[in-house]
Amino acid sequence: MMTPDRIVGPTSPGSTAPGITLEPMTRDHLAAVLAIEAHALHRPWSLATFVRELAQENERTYLVARDGDAVVGFGGIMYVLDEGHITTISVTPERHGERIGTRLMVALLRAAIDKGMVSSSLEVRTGNDPAISMYRRFGYTPAGIRPNYYAEVGEDAVVMWAHDINTVAYSRRLQHIQDSLEEPNP
Ligand SMILES: CC(C)(COP(=O)(O)OP(=O)(O)OC[C@H]1O[C@@H](n2cnc3c(N)ncnc32)[C@H](O)[C@@H]1OP(=O)(O)O)[C@@H](O)C(=O)NCCC(=O)NCCS
């Protein structure tokens, strides 16, 4: 079971970059989260959607990334049977490329493993190269296309899966990514 003290603090997964900490999302974060969400290219989530998601705390993990008091990113995962489905992940545009998304993914996947999940899935726009690159690093591979899934922007979704996230090999993969976060940004 994930607890806040596993993900907050200078030695916790995904939180060792100067200034960046991860913590569970609460209603207090939602104004800042919505400001980031407003940049979404398609179907930005409403306040009501976030509130509804946060209420399902046994079946969801939502995290925010903070730099000091500023929320700079967030992400979430939902648990269905043994599958952890990434529901959302976003970083404020001016902080893209600083590995904040990667930190969030490490923490979300560790939370999913703690919850007993065996695999993870997600949907992503076919043209979203940064996100697809990030997901591939986490072992997600394309499993299918949902045509016109993002109808507002006329784009298909790629469905991606990472299997066997409960294995030692996958834990090593996460640890390798975690370790790379301590290295200077290339
Ligand atoms: C996808 C997203 C969350 C990644 O967060 P981030 O903090 O910028 O990403 P990171 O710095 O951890 O880098 C992750 C990957 O994206 C790549 N990347 C980041 N910014 C990039 C950019 N502007 N152009 C190209 N690639 C980029 C990095 O090279 C990295 O690839 P790698 O893992 O192969 O090294 C962020 O780009 C974002 O918020 N996008 C808008 C919302 C979105 O598309 N969410 C995903 C919905 S499925």
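Residues numbered from 1 in each chain as written. Predicted model: local features only at pLDDT ≥ 70, side-chain atom pairs only at ≥ 80, totals over all residues.

1. Some words on the overall build of the protein
Regarding its fold elements, the protein presents six helices and seven strands. The order of α-helices and β-strands along the protein, N terminus first, is α-β-α-α-β-β-β-α-β-α-β-β-α. A sequence separation of at least 24 residues applies to 60% of the contacts in the protein between residues at least 6 apart. (Helix = DSSP H or I, 4+ residues; strand = E, 2+ residues; numbered from the N terminus. Contact = placed C-beta atoms within 7 Å.)

2. Overview of unusual backbone geometry
Glycine aside, a negative phi is what most residues show, and trans is what most peptide bonds show. One non-glycine residue, Arg-43, lies in the positive phi region at around 40°. Take Arg-43: there are 13 C-beta atoms within 10 Å of it, and that puts it in the partly exposed class. Even without glycine at this site, Asp-164 takes up a positive phi of about 55°. Accessibility expressed as a C-beta count within 10 Å gives 11 for Asp-164, which makes it exposed. (Buried ≥ 20, exposed ≤ 12 C-beta atoms within 10 Å, placed from the backbone.)

3. Quick look at the site of the ligand
Near the ligand, the surroundings consist of 18 residues, among which His-96, Gly-101, Thr-102, Pro-130 and Met-134 are the closest. Here the shell around the ligand takes six residues from helix H5 (residues 129-137), the largest share from any one element. (Near = placed C-beta within 6 Å.)

4. Concerning the pairing of strand S3 (residues 70-80)
In the sheet, strand S2 (residues 60-67) pairs with S3 via eight bridges, with the strands oriented antiparallel. Looking across to S3, one finds that Tyr-62 is bridged to Gly-76. As judged from the eight bridges shared by S3 and strand S4 (residues 83-91), these two strands associate in the antiparallel manner. Following the sheet pairing, Gly-73 is matched in S4 by Val-91. (Pairing = 2+ DSSP bridges.)

5. Topic: the sheet that holds strand S5 (residues 119-125)
Spatially, the seven strands line up as an open sheet ordered S1-S2-S3-S4-S5-S7-S6, and their pairing is mixed. Of all strands in the sheet, those bounded by a partner on one side alone are strand S1 (20-24) and strand S6 (141-150). In this sheet, adjacent strand axes meet at a mean angle of 25° when their direction is disregarded. The sheet contact formed by S1 and S2 spans five bridges and is antiparallel. Its bridge partner being in S2, Ile-20 is matched across the sheet by Asp-67. Against the sheet, H5 contacts S5 and strand S7 (155-162), and its axis sits at roughly 165° relative to S5. (Axes fitted to C-alpha atoms, helices over the stretch in contact; angles between N-to-C directions.)

6. Some remarks on the pairing of S7
Here S5 pairs with S7 via six bridges, running antiparallel. Within S7, the position partnered with Glu-123 by the bridge is Val-159. Looking at chain direction, S6 and S7 are connected through six bridges and run antiparallel. Residue pairing across strands places Arg-146 opposite Ala-157, the latter belonging to S7. If you look at the hairpin formed by S6 and S7, you'll find four residues sitting between the two strands, and Gly-154 has a positive phi there, around 60°.

7. A look at the packing of helix H4 (residues 100-114) against helix H6 (residues 168-180)
Geometry of a packed helix pair, given as the angle between the helix axes and the separation of the axes. With their axes 10 Å apart at the nearest point, H4 and H6 run at an angle of 150° to one another. Judged on the interaxial angle alone, H6 and H4 are roughly antiparallel. The handedness of the crossing between H4 and H6 is left-handed. Mapping the contact onto sequence places Thr-102, Val-106, Leu-109 and Arg-110 in H4 and Leu-174, Ile-177 and Gln-178 in H6. Tallied by class, the residues present in the contact of H4 with H6 amount to four nonpolar, two polar and one charged. (Parallel < 35°, antiparallel > 145°, perpendicular 65-115°, else oblique. Left-handed = near helix turned anticlockwise from the far one by under 90°. Nonpolar A, V, L, I, M, F, W, Y, C, P; charged D, E, K, R; others polar.)

8. Structural notes on the environment of His-96
Locating His-96 in the fold gives a position in the loop between S4 and H4. The class of His-96 is partly exposed, set by 13 C-beta atoms lying within 10 Å. Taking the C-alpha atoms as reference points, His-96 and Pro-130, 34 residues apart in sequence, are found 9.4 Å from one another.

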